[in-house]
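# Remarks on the overall topology
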Amino acid sequence: MHHRFFQYSSSCLKLVSLSFIVFVSVVQSLHAQKQLSAEEAFQLGQQKQDSSIYYYDQAYRISKSNGDTVFLLKSLNAWGQEKLRRGDFKDVRTLLGQQLDSIDYHQNFGREYYDVLKTYNYSLRALNAYLPVFQSVNKLIEINPKVHGKDDKEMVDLLMTKGLMLGNLGIRDEARENLQESLNLSIKLYGENSMETAEIYNNIGLVFRSMNDYDAAMLYYSKTYDIVNELQPENYYVLSIIKNNISRIYDQQGEPEKALKLVNEAIALNERSGQDNPSLLNNRGLILLSLKDYKGALKNYMEALSMRQESMPENHPQIAYSYELIGKVNLKLGKIDASEKSFLKALEILESGETQSWDLYFTYMGLGDVAMAKGVPEQAIKYYNKAIGYFFPSFEPEELWQNPDIQFAPYNYGGVVISEALIRKGDALLAMQTGDSGVATVERALACYMTALESFKKQINAATSEGIKFALSETGQDIYSGALNAAQKLYTQTGEKKYIEKAFEIIEANKAYVLYQNLHAIPASEKLLPDELRSKYAILAKKIENHKKNYIDLKKEGESVTDVRDSIISAEKELDELNILVRRKYPRYFNYKVNVSQTDLTGFQSLLSSNALAIQYYEGKEGYYVLAMSSVKADFKYLNKISPDQLVLENADLEHYKKAGYEAYDQLVKPLIDEFPGIEHLIIMPDGKLNEIPFEALLTREAGQTATFSTLPYLIRTHLVSYHFSASLITLNSQSIVEDTENRMLAYAPTFSKSSGPLLTSRSANDSALVMNLPLLPKAEKEATQVAVLYGTQAKTGGQATEADFKKYAPQAGIIHLASHAIIDHENPLYSKLVFSPGKDTVEDGLLHTYELYNMSLKADLVSLSACNTGVGKYYTGEGPMSLARGFMYAGAPNVMMSLWSVPDQSTSIIMQDFYAYLKQGYSKAEALHKAKLDYLESADAYTAAPYFWSGFVYIGNLPEELNTGRYIYVGGGVLLVFIAMFFIYVRRKRKAQL
C-alpha cells in the first residue's frame, strides 16, 4: 500500500512538473512576440504572483544587458524578497552574494544597493550564517546614514543584529557595546517603555547569560518583563518567554528548584495564550536534568518533539534539537543504543538542511560521548574532530590526534565549547593508551588539553567583568585536571623535566589568574590611558557597585528594587559607552589586557633563595597535584586520598590535633620536603580546602602522650612558612619598583559603640544593625598605638579612625596597620568590609568594602589586617577566596598580613607588636612574623599555645633573601645582646602572668 501511494504521489509530481513546463513555454512564446522592457517585466512580476520569480528574473537579466544598475538592483531585490517568502534562502544567498561582490556601493543607486544588501542579510540570518551576517550587517550600518539619514529606525535593528552576531561569535564584550548603542537609539526613537526597547533589553540579557554574568542578565530580564507587563499585560506568550529566560538563570546558578517553579509558571502563562511553545518544555527538561530526574526530562523532551513535528517540516533544525536533547538524556539513563539513534536522527536533519546550527556541534559531541560509552575511543575522536571542525571549517586532520591552531581561529576568541571538544578528545586519547604506544598517546592527549587551555584563556582574557572571569574560571576545571593528569603520567613514566614545566604552566593558569591579569594591566592603564579616563572608570565602577549593594540590601529587606535596578542598568550603559570610546581610541590598551603572559618555571626558580622551597597545590577530585620547586630542582607528585578537613584549628581537642596535625603534615609536606635537604623556608601556594590551613601549625612528628599544645612539634619550630596566591604574582611583584615608604606608617584602631554614622543608617538597616552589635576590642587601641610609636608617628584611634581619613592618607602610606572588626559577606564577597569609627561623615559610611579597595591605588609595601577573617571569603575554584586581603593586593599592596578565622584579641595584639619590633630591626616580613609567633609560643601556657591563638595570622607576599636566622647585632663585646635577651625574658613572663 505504501509503495502504491508513493508511486501515485510521484506521478502527480511529474504531472505538475510537466504542466508547469508547458505553462512557462506558453508564457515565453507569448512574450517572444513582443520584447519586454525591464520595467514591463518588473510590473508583470508584481501582478502575477504565481510567476513573479520568472518575471523578476527577466527584469534582472534585461537590466544587466542594458547596463542599468538601478533597475538591476531593484529587480534583484524583488526576486530575493519573493524567494525569501517561499523559503528559498540558499538561492538568495548565492545569487545576491555574487552580485554584491561584483558591484560597489555608489550614491547614484545607494537606496537600491542598500535594499539588496538588506535582503541578502535576511537570507544569511535565516541560514544562521553568523560570520557573513556580521560582515553584511556591518556594511549596512556603514551605508544606512547615507541612504536614510541620521537616527533611522532601521539602525536599531541593525545594531541589535550586529550585537547578537558578535555574541554568537564569542566576541561578547563588543556584543554588549553594540546592543547598548541599539538600546540608546531605541529609547530615543521609540521611548524607554516600548516593545522595541524591551526586545533589546531581553537580548542584552541573553548576551550576559551567555557570558555567565547571571546577575546582570537577571536585571535586564526583569526590566524586560516590567515593560511588557505594563504595555501588554495580556501578552502571555511573550511574558512566558521572559519568565522562561529567568528560570534558565536560576538553573545555571545552581538553584534548579527555583528554576522549576518559575518554568512551571511560564508554561501556565503560555497555556493562557493558546499558542504552543515547545521551548518551554525543553527548558523544563533541562532543569529536571539538573535535578537528576532523567525520566521526567525525557518526558518533556518527547512532548516538545511531538509538538514540533505537528507544526514544522520534518527536517527543521528545531526538530533536530529535540532529538539531540533526547539523545543526551538517554545516555544519562544508560540507554546507549537509543541515545545513538536520536543523535543520528538529529545529524541526518542537520546535514540535510541549509542552515548553520550550533546543534551540529553538540550532536557531534553527543555521538562522541556515545562512542566513549560503547568503548570505542577512536570513533569518539572522529566525532570530536567533527565538532571542532564546526568552528574551524578548514580543520581536516591527517591524523586523528592532530589539533587546530587556535591563533588562526575563525573568530576573535576561542570559546568554551571548543575547549570542551578538545578535553573530551584528550580523554579519548588517554583511553586508547596501550603499553607499546603509552608515552606517545599520552603526549597527544596532553597536546589536546594544552590547546584547550590556550583557547579557554583567550575567553577569560577577552572578558572585561571580573564576575564573568570568575564564572569562566570555575568552568575550566576539567581542562586543568585532564592536563595535569596527563602531565603527571608522562613525568612518572619518563622523569623528564619538560613535563614539570608543563604542569607549572597549567597550575599557574589556574592560580589567581584573574587577579594576576588585573595587576598585570595596571601599568598599561597608567601609560596608555589618560588620567581623565582612568578616573571615569574608577567613578563608574564605584557607582555601579554602590547601586548593586543597595539592590542586594533592599532585596534582603523586602523593599522595591525597581529604581535601583534601573540605576544599575543606566550606569552599566555609561560603562559600555566608555569601553566603546577606549576600544576605538586606545586599542593598544585593550590588546595589552588580552595578551597576558605568565612566568615560566625557570624564571620563577631564579627568584628562589638557596634555602627556599615553593610548593604549589592543585586540588583534584580525590587528591592533590603538587609541584615542589627549589632554586635548582623541581618535583611533581600526585598525593592521593588526602583529607585536610579533618584538621580542626578552632577550639581543637588536643588528642585529636596530635593525630590530625601529624597526618596532614605526613600527607601534604613530608613527601616533598624529604627530597629537598637544607630547606629552611617554605612558600605555600594552596588550593581548595588548603587555603584554610596554616601550615606552620602542622606537626612534623608524632607527639607523645604527655605532650601539650605548648610542647607539640609544630612545623614553625623547624621552618619559616609564608604564602602566596601564585608564582606569577610573586614574579610580577619582584619586578616592581618599591618606594622607600617605611617611615610613612598609618595605624588605625576604631572605637565601637551602639551607634552608627548618619550615612550608614540611611543606607542599610542591615549593616547598621551589624555595626551597632560589634563587641569592643580592648587590646586594639594599645596595639595600634605601640606600633605607631615604633615608627615615630601617632595612631588614629577612636573617633579619628574614620573611613574618610583612611581614604585621604592611605594612598601615600608605606605601611598600613588596621586593628578593627571585619564583616564578611560570603555570598557577595565584594561587599565584605572593614569597620571604621562612624564619625559624622555624610560622604563615607564607615565601612570600607572590598569593591572600594578595587578603586584605590596604594603605594604601601605592607598592609597588616589585624582583624578577624580578613583572609577568607567566598571561594571561587581556580581563583581562591575573595577576601579583604585580596582586595588590598588588587589596590597595589604586594605584601599583606591576613587572618584565617576569628582571631583572639589578646594574642593578636601580642604577636602584632612583636612582629613590628622585629621588622624594625631589619628582619624580612616573613621572618618577623615567624619570630613573633615563636616568641608567643615560648611564653604561652598549655592552653593558649593551641594553634587557634597564634597561627591564624599568615603572611602573603614577596620572598625574603637568604634567611637571617641566628643573626645578631654585636655592640661593645655582646653587652647589648645580653641586655636585649634579659628584656625579652622579662616581657614574656609578664605576658604569661596576664594570660
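Residues numbered from 1 in each chain as written. Predicted model: local features only at pLDDT ≥ 70, side-chain atom pairs only at ≥ 80, totals over all residues. Heavy atoms only, no water.

### Structural notes on the overall build of the chain
Defined as follows: Put simply, DSSP marks the helices as runs of H or I at least four residues long and the strands as runs of E at least two long, and each gets a number from the N terminus on. Whether a residue is buried, partly exposed or exposed follows from its accessible area with a 1.4 Å probe, protein chains only, as a fraction of its type maximum: under 20%, in between, or over 50%, in that order. Contacts were defined at the residue level, with two residues in contact if any of their heavy atoms lie within 4.5 Å.
Check the secondary structure of the chain and you find 42 helices and 16 strands. Burial statistics for the chain: of 995 residues in total, 56% are counted as buried. If you take every contact in the chain between residues at least 6 apart in sequence, the share linking residues at least 24 apart comes to 69%.

### Observations concerning the pairing of strand β16 (residues 953-956)
To keep it simple, the criterion reads: Pairing between strands is defined by DSSP: at least two bridges between them are needed.
Burial along β16 is two-sided: the residues Phe 953 and Tyr 955 and Val 954 and Ile 956 are all buried. Here strand β15 (residues 896-899) runs beside β16; their pairing, made up of four bridges, is antiparallel. The residue bridging Ser 899 from the neighbouring strand is Phe 953, located in β16.

### Topic: helix α16 (residues 317-332)
Quick note on the threshold: Here a helix's expected span is defined as the number of its residues, less one, multiplied by 1.5 Å.
For α16, which comprises 16 residues, the first-to-last C-alpha distance of 23 Å matches the rise-based estimate of 22 Å (1.5 Å per residue) to within 8%. Along α16, the residues that are buried comprise Ile 319, Ala 320, Ser 322, Tyr 323, Glu 324, Leu 325, Ile 326, Gly 327, Val 329 and Asn 330. For α16, the elements touching its buried residues are α14 (278-290), α15 (294-311), α17 (336-352) and α18 (358-373). Looking at the residues trailing α16, positive phi occurs at Gly 334, about 80°.

### Section: the environment of Ile 381
Within the element layout of this structure, Ile 381 appears in helix α19 (residues 377-391). Note on Ile 381: relative accessible area 1%, which makes it buried. With 48 residues separating them along the chain, Ile 381 and Leu 429 place their C-alpha atoms 7.7 Å apart.

### Some points on unusual backbone geometry
Of note, Asp 151 is a non-glycine position whose phi angle comes to about 55°, a positive value. For Asp 151, the position within the fold is in the loop between α7 (130-148) and α8 (154-168). We classify Asp 151 as partly exposed; its relative accessible area is 28%. Even without glycine at this site, Ala 512 takes up a positive phi of about 45°. For Ala 512, the location among the structural elements is in the loop between α24 (497-509) and α25 (513-528).

### A short note on the nonpolar core
The following threshold applies: Buried residues of nine kinds, namely Ala, Val, Leu, Ile, Met, Phe, Trp, Tyr and Cys, make up a nonpolar core once their side-chain atoms join them within 4.5 Å.
Counting 284 residues, the largest nonpolar core has Tyr 617, Leu 682, Phe 695, Phe 806, Leu 834, Phe 888 and Tyr 916 as the members making the most contacts within it. No other element matches helix α21 (residues 438-462), which puts ten residues into this core. Excluding residues within four positions of it along the chain, Phe 806 makes contact with Tyr 748, Pro 811, Ile 816, Leu 818, Phe 836, Leu 848, Met 856 and Phe 888. Grouped together as the second largest cluster of nonpolar side chains are twelve residues, Leu 529, Ala 571, Leu 578 and Tyr 589 included.

### Let's talk about the sheet that holds strand β9 (residues 822-823)
Pairing in this open sheet of three strands is antiparallel, and the strands run β9-β10-β11 from one edge to the other. Only two strands of the sheet have a single partner each, and these edge strands are β9 and β11 (847-849). Here two bridges tie β9 to strand β10 (residues 833-835), and the two strands are oriented antiparallel to one another. Paired with Ala 822 across the bridge in β10 is Leu 834.

### Remarks on the packing of aromatic side chains
Using the following cut-off: Ring geometry is summarised as follows: Phe, Tyr and Trp rings, the Trp one being its six-membered ring, pair when their centres sit within 6.5 Å, and such pairs are stacked at plane angles under 30 degrees, edge-to-face over 60 and tilted between the two. To sit over a ring, a charge needs its Lys NZ or Arg CZ within 6 Å of the ring centre and within 35 degrees of the ring normal.
Overall, the coordinates contain 31 aromatic pairs when judged by the stated rule. Centre to centre, the rings of Tyr 105 and Tyr 113 are 5.8 Å apart; their planes meet at 75°, and the pair counts as edge-to-face. Tyr 105 sits in the partly exposed class, given a relative accessible area of 25%. Overall, the relative accessible area of 0% leaves Tyr 113 in the buried class. Here a set of aromatic residues connected by ring pairs shows up, and it is made of Tyr 480, Tyr 491, Tyr 618, Tyr 625, Phe 636 and Tyr 638. The ring of Phe 42 has Lys 74 lying over it, and the distance from NZ or CZ to the ring centre is 5.0 Å. The ring of Phe 676 carries the charged tip of Lys 633 above its face, separated from the ring centre by 4.8 Å.

### What to know about the packing of helix α5 (residues 89-102) against helix α6 (residues 110-126)
For clarity, the threshold we go by: For every element, the axis is a line fit to its C-alpha atoms; helices are fit only across the contacting stretch, and the angle between N-to-C directions ranges from 0 to 180 degrees. Oblique is the label for any angle not covered by the other classes, which are roughly parallel (under 35 degrees), roughly antiparallel (over 145) and roughly perpendicular (65 to 115). Helix crossings fall into two classes, left-handed where the near helix is turned counterclockwise from the far one by less than a right angle and right-handed where it is turned clockwise. When residue character is reported, Ala, Val, Leu, Ile, Met, Phe, Trp, Tyr, Cys and Pro are called nonpolar, Asp, Glu, Lys and Arg charged, and the others, Gly included, polar.
Closest axis-to-axis distance for the α5/α6 pair is 9 Å, and the angle between their directions is 140°. Comparing their axes, α6 and α5 come out oblique. For the pair α5 and α6, the crossing hand works out as left-handed. Contacts between α5 and α6 involve Phe 89, Val 92, Arg 93, Leu 96, Gly 97 and Leu 100 from the former and Tyr 113, Val 116, Leu 117, Thr 119, Tyr 120, Ser 123, Leu 124 and Ala 126 from the latter. Its residues assigned to classes, the contact of α5 with α6 shows ten nonpolar, three polar and one charged.

### As for the pattern of salt bridges
Keep this limit in mind: Just to be clear on terms, a salt bridge is a Lys or Arg side-chain nitrogen sitting within 4 Å of an Asp or Glu carboxyl oxygen.
Across all of its chains, the model carries 42 salt bridges by this definition. Between Glu 655 and Lys 658 there is a salt bridge, with the nearest N and O atoms lying 3.2 Å from each other. Linking Glu 655 with Lys 658, this pair stays in helix α30 (residues 654-668), spanning three residues, or about one helical turn. Relative accessible area serves as the criterion here: at 48%, Glu 655 is assigned to the partly exposed category.

### So, the pairing of strand β5 (residues 720-723)
Every second residue of β5 is oriented toward a common face, with Leu 720 and Ser 722 on one face and Val 721 and Tyr 723 on the other, all of them buried. With four bridges joining them, strand β4 (residues 681-685) and β5 adopt parallel strand pairing. Of the residues in β5, the one forming a bridge with Leu 682 is Val 721.

### Comments concerning the packing of helix α20 (residues 416-431) against helix α23 (residues 477-494)
Where α20 contacts α23, the axes come no closer than 10 Å and their chain directions differ by 30°. Taken together, the axes of α20 and α23 lie roughly parallel to each other. As α20 packs across α23, the resulting crossing turns out to be left-handed. In this structure, α20 uses Ser 419, Ile 423 and Leu 430 to contact α23, whose residues at the interface are Asp 478, Ile 479, Asn 485 and Lys 489.

Shape descriptors only; they carry no functional weight alone.
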